[in-house]
There are 2 protein chains.
Amino acid sequence: INPEKGSPGAAEDMEAAESFIQQAMEIILQEAVKKATNVKEKVCEWRSPEQLKELLDLELKDTGESESKILQCCRDAIRYSVKTGHPRFFNQLFAGMEPHSMVASFIIEAIKTSQYTYEMAPVFTLIEDVLLKTMMKLIGWEEGGDGLFNPGGSMSNMYAVNLARYRYCPDFKEIGIYASPRLVMLTSQECHYSIAKAAALLGFGTKNVYVVPSDNRGKMIPSALCTHVSLQGAVPFFVNATAGTTVLGAFDPIDEIANICEKHNLWLHVDACWGGGALVSKKHKHLLKGIQRVNSVAWNLHKMLMATLQCSAFLVRDKSCLLQRCHCAGASYLFQQDKFYDVSYDTGDKSVQCSRKPDAFKFWLVWKAVGTRELEYRVDRALALARYLAQEIKKREGFRLVIEPEFANVCFWYIPPSLRNLPESPELWKKLHTVAPVVKERMMKKGSMMIGYQKHGDKPNFFRMVVISPQVSKQDLDFVLDEIHRLGKDL
Amino acid sequence: INPEKGSPGAAEDMEAAESFIQQAMEIILQEAVKKATNVKEKVCEWRSPEQLKELLDLELKDTGESESKILQCCRDAIRYSVKTGHPRFFNQLFAGMEPHSMVASFIIEAIKTSQYTYEMAPVFTLIEDVLLKTMMKLIGWEEGGDGLFNPGGSMSNMYAVNLARYRYCPDFKEIGIYASPRLVMLTSQECHYSIAKAAALLGFGTKNVYVVPSDNRGKMIPSALCTHVSLQGAVPFFVNATAGTTVLGAFDPIDEIANICEKHNLWLHVDACWGGGALVSKKHKHLLKGIQRVNSVAWNLHKMLMATLQCSAFLVRDKSCLLQRCHCAGASYLFQQDKFYDVSYDTGDKSVQCSRKPDAFKFWLVWKAVGTRELEYRVDRALALARYLAQEIKKREGFRLVIEPEFANVCFWYIPPSLRNLPESPELWKKLHTVAPVVKERMMKKGSMMIGYQKHGDKPNFFRMVVISPQVSKQDLDFVLDEIHRLGKDL
């Protein structure tokens, strides 16, 4: 090694690097933007793991590959990836291509910084603060609060549980929960699985998550919650209400739950990862009525509001630095107290992470570009389209709604002709259970669309369609129903 | 709302979106790549929070802004962000611009998917598997193991603690740790703060992290560990050894620690987030001698190996699906067991996250492009440059090494002329303590370079230089020492 030797930092190497980046950007624009959002192209180019391993030369070797080979790797990675920005992608609770968010993501990646200190992320620190405050206004926290962006809603929900525990007993941070009475978390049967994961990780155990029954629309039953708050031999300290459940899109009645929590001094968290988007809509924000009363909120802007992954806000109404006190470790190499600027702008010690991505920028730029009214229009339009789809399902033979949609989730069965005249019986349900997986296989192998399915409680497999993106039209929804019939009519 | 109405998905809107993305890409290439890596440009354009708030129009409004205004927002975000790819950026344990990793990041953002299922991330699932296996070979796990990529090394360290607890008693996942004897974690005084954060979050409490003393080179003293493994009233279950400590760059003696852990059946985790890069170097891998014997490893490829943020691997030697069993929740809407492909490729339930970024691609593409030998060359070159810098520091008047460097960390004091003739005394140390913060303030306001500083134990503030990027030359290191003197000689 001779460090005098011209390094890849020399001018000619930087020129090569820039040329490579420029060529790759062109591929991304053509393949991952233009083609990937074109309704005439496939949503996915399905290959089995074995086939894909053969197609891609995955092995890592002693020597590198040529630039043209690497550019081909880029093309292949795009080609065989799922096109989540395609107008016929409905498989998850995110979809669509938001150009401003995509650009913000590119900038974040090019800047390559970590949001622990103002000195390392001055712009992104201020942007996170403004975005969180604007979100708090929509929640209705007139006096503000605190918060930060996390890598995903599961993390945000976990933060809520940890803060609730810290408020219950700050000493636990130092001494642990060994000497504690058995602490119990309350949530509905329809909640996201991250609540159980948080219970396991934080040392409570999944059996100390008490499941409150939901009604037939998927909403937590407040009176059932009441019976759980006074327990013998255990201390409830945390209630999770869900605003927009994963499968049914149901909203727990926050106001009624808040009454109970206030009475019993329980931390009330709202998992609005999915349903939070309704807060931008005057027409639909009633779904989260009472949210201004809760202690904390998780809200993923990468779901209904289409930010690139991930853009997950955790917001807490507390103004006593609970977040900082609960999580701080005061690392002296990072959070020096003798800095030349106001170190209250160093927000990193609020986090359980060290390096943290500046995710807020991914949505701040969208909001700046389109304004609140356009966000509202998009949400209203998505929910109107979901209602249109539900109406179509009711009209069409062989389709049956699982539940009347309240949000963007439209859950339904497709019943092939061979099953239509069978009486309702366990045998019919058993046969129906096998339909969605086969239709799913066929749509993926054809590449025509992607829709999720699942069993749910005692219900056999059904499709869950979700409308999010303004790039989706009524024609796309008609196509979905037609295509399901085409793919499944022989079953 | 009229869902029939032409939506932003109509052809003209997509054209506008593509044009916007293309213009933004050009700005990124010019400002965040070319200019940001040019040694003649500033590393940072410092503004105080108050100044920056005035410069940027941060407020989010009802109506959106014009395209030209948004493009200006993009330029401003880049302009006032720190240029971590600049050859004179040495402020953190990451630095430099790796063009392949940057491109991989752009692709990930454009593809916008989540790595929970093969169906959603076929390419990235296979790539994560190959990359993890190749890393395991370097570690020396001949029979393989398991692992996944996490949003940062703190998360990876936390995974290790949780797995160790699960191995100690799988029932804790369900029943919590209430009935457990007091569990204790062992780590050195020099370890990363994420170990303490994990103890707090997982319910153990920070007081149950027992701190093992380190020697004067920053390495854990194995005999001191011995005195901690047999405790009254507490059960040690987890030992963290650090390969490359944050400040000094010290390596704990893994082989000797492994002897003790094997004897007492303790889970041994190595936090190699920073020092793992040495494993690609035949010359330097001895620093991690014995790593093939440990239970788990955290290794951040975004540090010494220059992947874009974040690219943090957690690897575990276990082959009994411990990772899956410890973390799984089996969500039926995501991990359907009646899928048409081999669902063992759905890796998402190994994670405590739900949505998870396909971070492995950020380094797979680098490795593919440059090969193992070039990675080795880069690490060897960085460490040779660090030694060069240490030699220069020893030669120059007014500079003093804190410790002889073993890795890429070069820790030193700058002693201004006014302090050079003072006798070593608490008063001198007190004065010296104030030097680094002022020099740091001046370098940032000038924008000439960025270097970290911190106090450490009883030592007053010193600089920590870190050499990583092949874009850094000897001339840059000479500049750093000259510039510190220029900025601090009047102090």
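What you see is a predicted model, and the numbers here were worked out from it, not measured in a lab. (Residues numbered from 1 in each chain as written. Chains lettered and ligands numbered in written order. Predicted model: local features only at pLDDT ≥ 70, side-chain atom pairs only at ≥ 80, totals over all residues. Heavy atoms only, no water.)

### Some remarks on the overall build of chain A
Now for step 1: Scanning chain A from N- to C-terminus turns up 16 helices and 12 strands.
Now for step 2: Its C-alpha radius of gyration of 25 Å places chain A within 12% of the 23 Å reference for a compact globule of 491 residues.
Now for step 3: When its C-alpha atoms are laid out on the principal axes, chain A stretches across 80 × 65 × 45 Å.
Now for step 4: In chain A, which comprises 491 residues, the proportion classed as buried is 69%.
Now for step 5: Separation of charge centres in chain A, based on 61 positive and 56 negative side chains, amounts to 7 Å. (Helix = DSSP H or I, 4+ residues; strand = E, 2+ residues; numbered from the N terminus. Rg over C-alpha atoms; globule rule 2.2 N^0.38 Å. Buried < 20%, exposed > 50% of the residue type's maximum accessible area, 1.4 Å probe, protein only. Lys, Arg positive; Asp, Glu negative; His and termini not counted. Charge placed at Lys NZ, Arg CZ, Asp CG, Glu CD.)

### Examining the interface of chain B and chain A
Now for step 1: Contact residues are listed per partner, giving 172 residues for chain B and 172 residues for chain A.
Now for step 2: Applying the counting rule to chain B against chain A returns 10 salt bridges.
Now for step 3: K440(B) is paired through a salt bridge with E119(A); the nearest N and O atoms lie 2.5 Å apart.
Now for step 4: At the junction of chain B with chain A, the criterion picks out 77 residue pairs in polar contact (both at pLDDT 80 or more).
Now for step 5: By residue number, the principal contributor to the side of chain B that touches chain A is helix α12 (residues 361-395) of chain B, which donates 17 residues.
Now for step 6: Taken together, the residues that form the side of chain B that touches chain A break down as 90 nonpolar, 42 polar and 40 charged. (Contact = heavy atoms within 4.5 Å. Salt bridge = Lys/Arg side-chain N within 4 Å of Asp/Glu carboxyl O. Polar contact = N/O pair within 3.5 Å; in protein donor to acceptor, adjacent residues only side chain to side chain. Nonpolar A, V, L, I, M, F, W, Y, C, P; charged D, E, K, R; others polar.)

### Side note on the relation of the copies chain B and chain A
Now for step 1: When chain B is fitted to chain A, the residual RMSD is 0.0 Å, and the transformation amounts to a turn of 180 degrees plus an axial shift of 0.0 Å. Each copy turns onto its partner about a two-fold axis. Taking the C-alpha atom as reference, chain B places L202(B) closest to the rotation axis, 2.1 Å from it.
Now for step 2: The fraction of interface residues of chain B whose copies in chain A are also interface residues reaches 100%, indicating that both copies meet through the same surface. (Least-squares fit on C-alpha atoms with pLDDT ≥ 70 in both.)

### What about the sheet that holds strand β4 (residues 209-212) of chain B?
Residue and element names in this part refer to chain B.
Now for step 1: Ordered by their spatial adjacency, 7 strands build an open sheet running β2-β8-β7-β6-β5-β3-β4, and the pairing between neighbours is mixed. Pairing within the sheet leaves two strands with one partner each, and these edge strands are β2 (146-150) and β4. Neighbour to neighbour, the strand axes of the sheet diverge by 20 degrees on average, direction disregarded.
Now for step 2: Of the strand pairs in this sheet, strand β3 (residues 183-188) and strand β5 (residues 235-242) are connected by 5 bridges, and their pairing is parallel. Note that in β5 the partner of T187 across the bridge is N240. (Pairing = 2+ DSSP bridges. Axes fitted to C-alpha atoms, helices over the stretch in contact; angles between N-to-C directions.)

### Points about the domain arrangement of chain A
Now for step 1: Here chain A is partitioned into domain 1 (23-90) and domain 2 (104-360).
Now for step 2: Distance between the C-alpha centres of domain 1 of chain A and domain 2 of chain A: 35 Å. (Domains from an automatic or database assignment.)

### Overview of helix α3 (residues 67-79) of chain B
Now for step 1: Its 13 residues give α3(B) an end-to-end C-alpha distance of 18 Å, which sits within 8% of 18 Å, the value for a rise of 1.5 Å per residue.
Now for step 2: Three or more residues of α3(B) are buried, namely I70(B), L71(B), C73(B), C74(B), D76(B), A77(B) and I78(B). (Expected span 1.5 Å × (residues − 1).)

### Considering the packing of helix α14 (residues 426-433) of chain B against helix α15 (residues 435-446) of chain B
All names here are of chain B.
Now for step 1: With their axes 5 Å apart at the nearest point, α14 and α15 run at an angle of 15 degrees to one another. When the axis of α14 is compared with that of α15, the two are roughly parallel. Together, K431, L432 and H433 of α14 and V435, A436 and P437 of α15 make up the contact between the two elements. (Parallel < 35°, antiparallel > 145°, perpendicular 65-115°, else oblique.)

### Examining the sheet that holds strand β10 (residues 409-414) of chain A
Residues and elements named next belong to chain A.
Now for step 1: Here we have 5 strands laid out as an open sheet, ordered β1-β11-β12-β10-β9, and mixed in their pairing. Two strands lie at the open edges of the sheet, namely β1 (89-90) and β9 (399-401), each paired on one side alone.
Now for step 2: Relative to β10, β9 runs antiparallel, the two sharing 3 bridges. Note on β10: the bridge partner recorded for R400 is W413.
Now for step 3: The strands that helix α14 (residues 426-433) touches are β9, β10, β11 (450-456) and β12 (459-466); relative to β12, the one it contacts most, it runs at about 45 degrees.
Now for step 4: Of the strands in this sheet, β1, β9, β10, β11 and β12 touch helix α16 (residues 474-488), which is tilted by about 25 degrees from β10.

### Things to note about the packing of aromatic side chains
Now for step 1: Enumeration over the complete set of coordinates arrives at 45 aromatic pairs over all chains.
Now for step 2: Here the aromatic rings of Y193(A) and Y333(B) are separated by 6.3 Å at their centres, their planes lie at 40 degrees, and the arrangement is tilted. Taken together, the positions of Y193(A) in the loop between β3 (183-188) and α8 (194-201) and Y333(B) in the loop between α11 (322-327) and α12 put the pair across two chains. Each member of the pair, Y193(A) together with Y333(B), is buried.
Now for step 3: Taken together, the ring pairs in this structure connect W46(A), Y118(B), F340(B), Y341(B) and Y345(B) into an aromatic cluster.
Now for step 4: One Lys or Arg, R88(A), reaches over the ring of F479(A) and ends 3.8 Å from the middle of that ring. (Phe/Tyr/Trp six-rings, centres within 6.5 Å; stacked < 30°, edge-to-face > 60°. Lys NZ or Arg CZ within 6 Å of the ring centre and 35° of its normal.)

### Side note on the UniProt feature "modified residue: N6-(pyridoxal phosphate)lysine" (unreviewed entry) in chain A
Residue and element names in this part refer to chain A.
Now for step 1: Those residues carrying the UniProt feature "modified residue: N6-(pyridoxal phosphate)lysine" (unreviewed entry) are K303 in this numbering.
Now for step 2: Position of K303 among the secondary structure elements: in the loop between β7 (296-300) and β8 (312-316).
Now for step 3: Excluding anything up to four places from it in sequence, K303 contacts L93, F94, C273, W274 and I468. (UniProt positions renumbered as here; feature names shortened; annotations may be inferred.)

### Some thoughts on the pairing of β11(A)
Residues and elements named next belong to chain A.
Now for step 1: Among the 7 residues that make up β11, 6 are buried, leaving the element largely enclosed by the rest of the structure.
Now for step 2: With 2 bridges joining them, β1 and β11 adopt parallel strand pairing. Looking across to β11, one finds that F89 is bridged to M450.
Now for step 3: As paired elements, β11 and β12 share 4 bridges and run antiparallel to each other. Looking across to β12, one finds that G452 is bridged to R464.

### A closer look at the pattern of salt bridges
Now for step 1: Following the criterion strictly, the structure yields 78 salt bridges over all chains and no others.
Now for step 2: The partner of E392(A) in a salt bridge is K395(A), with the nearest N and O atoms 3.0 Å apart. Residue E392(A) and its partner K395(A) are located together in helix α12 (residues 361-395), separated by 3 residues, close to a single helical turn.
Now for step 3: Given a relative accessible area of 64%, K395(A) falls into the exposed group.
Now for step 4: One salt bridge connects E483(A) with K446(A), and the closest N-O pair in it is separated by 2.8 Å. You can see E483(A) sitting in helix α16 and its partner K446(A) sitting in helix α15 (residues 435-446), a full 37 residues away along the chain.
Now for step 5: Classification of K446(A) by relative accessible area gives partly exposed; the value is 43%.
Now for step 6: Connected through salt bridges with shared partners, the residues D57(A), K61(A), E65(A), K69(A) and K368(B) form a single ionic network.

### Brief notes about α12(B)
Residues and elements named next belong to chain B.
Now for step 1: Helix length check: α12 (35 residues) gives 43 Å between terminal C-alpha atoms against 51 Å at 1.5 Å per residue, more than 12% under.
Now for step 2: The largest bend in α12 comes to about 95 degrees, at G371.
Now for step 3: Within α12, 27 of the 35 residues are buried, which leaves it mostly tucked inside the rest of the structure. (Bend = angle between axes of the 7 residues up to and from the residue.)

### Some words on the confidence of the model for chain A
Now for step 1: On average, residues of chain A score 96 in pLDDT, and 98% of them are at 70 or above.
Now for step 2: The ipTM assigned to the predicted complex is 0.97, against a pTM of 0.97. (pLDDT = per-residue confidence, 0-100.)

### As for the side chain of T308(B)
Now for step 1: Positionally, T308(B) belongs in the loop between β7 (296-300) and β8 (312-316).
Now for step 2: The buried category is assigned to T308(B), whose relative accessible area is 3%.
Now for step 3: A distance of 2.6 Å separates polar atoms of two side chains, one belonging to T308(B) and the other to S105(B).
Now for step 4: Apart from the residues within four sequence positions on either side, T308(B) is in contact with E109(A), K112(A), S101(B), M102(B), S105(B), H302(B) and K362(B).

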